[in-house]
Amino acid sequence: MKFFIDTANLDQIREAHKLGVLDGVTTNPSLMAKEHIRGEEACNRHYVEICRMVGGDVSAEVIATDFEGMIREGEALAALDPHIVVKLPCTADGIRAVRWFADRGVRTNCTLVFSVGQALLAAKAGATYVSPFVGRLDDISEDGVGLVAHIVRVYRTYGFKTQVLAASIRHTHHIIQCLDAGADVVTCPLQAILGLLKHPLTESGLAQFLADHARVNQE
């Protein structure tokens, strides 16, 4: 399973990259705004900097909601760097845009997916990635991880090559659940990734080893 970090914060991306397990980055307009990035030129520079840091797939989202606007923005984003993946919403115009880009060899991430039906259309249109939102479904008492598992089963049954990118990951346990569900990728906050390292027995065991080492050297 590939690990993407869901942020536009360069320090967090750098820290995740230093772990040696980071495969890519996902961003969206909300994450860019959180970093106080304003204007198309500034956003584009930020995307390029992320691509240079990571060396893996970087999802950059269009703002337009109409087909022509998505194509115009998506072409500009794809031209920034070979690692850019054009992120498109799972709407009728978004699916049309996925097909348009797929026919021209441009990779896409179909986002805001909340049902198997949406995931099916994205795959048939040729999306590189499909992003079911786990946490947002959990927020309304639906089964986000269950949706990931369902999409994985459908894709494997019918041989779709679209990768299931589990998004809206809220905590470390979500990562493990999506791993069990067969997700190809998870994109999550830095703290969720770092949480995979934590176990009380690791901490207590290391403390004991250090204490024993100190006692041996004192003797």
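Just above, that's the structure.
Residues numbered from 1 in each chain as written. Predicted model: local features only at pLDDT ≥ 70, side-chain atom pairs only at ≥ 80, totals over all residues. Heavy atoms only, no water.

Chemist: Quick rundown of the sheet that holds strand β6 (residues 129-132)? Include the residues and the values.
Modeler: With parallel pairing, 8 strands are arranged side by side around a closed barrel as β1-β2-β3-β4-β5-β6-β7-β8. Neighbour to neighbour, the strand axes of the sheet diverge by 30° on average, direction disregarded. The sheet contact formed by strand β5 (residues 108-113) and β6 spans 3 bridges and is parallel. Of the residues in β6, the one forming a bridge with V113 is P132. (Pairing = 2+ DSSP bridges. Helix = DSSP H or I, 4+ residues; strand = E, 2+ residues; numbered from the N terminus. Axes fitted to C-alpha atoms, helices over the stretch in contact; angles between N-to-C directions.)

Chemist: Got a sec to walk through a nonpolar patch on the surface? Specific residues and values, please.
Modeler: Together, M1, I176, L179 and L196 make up a nonpolar patch on the protein surface, roughly 310 Å² of accessible area in all. In this structure, I176 sits in helix α9 (residues 172-181). (Patch = residues over 30% accessible without salt bridge, like charges linked within 9 Å, V, L, I, M, F, W, Y side chains within 5 Å. Areas by Shrake-Rupley, 256 points an atom, 1.4 Å probe, with all protein chains shown as cover. Salt bridge = Lys/Arg side-chain N within 4 Å of Asp/Glu carboxyl O.)

Chemist: Please give an account of the pairing of β6 that cites residues and values.
Modeler: Of the two faces of β6, the one lined by Y129 and S131 and the one lined by V130 and P132 are each fully buried. Crossover handedness for the path β5 to helix α6 (residues 116-125) to β6: right-handed. Note: β6 against strand β7 (residues 163-166), 2 bridges, orientation parallel. Each residue of the ladder has a partner; that of Y129, found in β7, is Q163. (Buried < 20%, exposed > 50% of the residue type's maximum accessible area, 1.4 Å probe, protein only. Right-handed = clockwise from strand over helix to strand, strands pointing away.)

Chemist: I'd like a description of the pairing of strand β1 (residues 2-6), backed by residues and values.
Modeler: Moving residue by residue along a regular strand, the side chains alternate between the two faces of the sheet. Both β1 and strand β8 (residues 185-188) contribute to a ladder of 4 bridges, which runs parallel. Residue pairing across strands places F4 opposite T187, the latter belonging to β8. The pairing of β1 with strand β2 (residues 24-26) spans 3 bridges and is parallel. Across the sheet, residue F4 finds its bridge partner in β2, namely G24. The β-α-β motif built from β1, the intervening helix α1 (residues 10-18) and the parallel element β2 has right-handed crossover chirality.

Chemist: Provide a residue-level description of the packing of aromatic side chains, including the pertinent values.
Modeler: Centre-to-centre distance and the angle between the planes together describe a pair of aromatic rings. A full pass over the atoms with the stated rule returns 4 aromatic pairs. For the ring pair F4 and Y129, a centre distance of 5.8 Å and an interplane angle of 70° mean the geometry is edge-to-face. Placement of the pair is F4 in strand β1 and Y129 in strand β6, with a sequence separation of 125 residues. Looking at F4, the relative accessible area reads 1%, which means it is buried. (Phe/Tyr/Trp six-rings, centres within 6.5 Å; stacked < 30°, edge-to-face > 60°.)

Chemist: Could you give an account of the side chain of N9, naming the residues involved and the relevant values?
Modeler: Looking at the element boundaries, N9 is found in the loop between β1 and α1. According to the relative accessible area criterion, N9 is buried, its value standing at 18%. Separated by 3.1 Å, the side chains of N9 and E35 make a polar contact. (Polar contact = N/O pair within 3.5 Å; in protein donor to acceptor, adjacent residues only side chain to side chain.)

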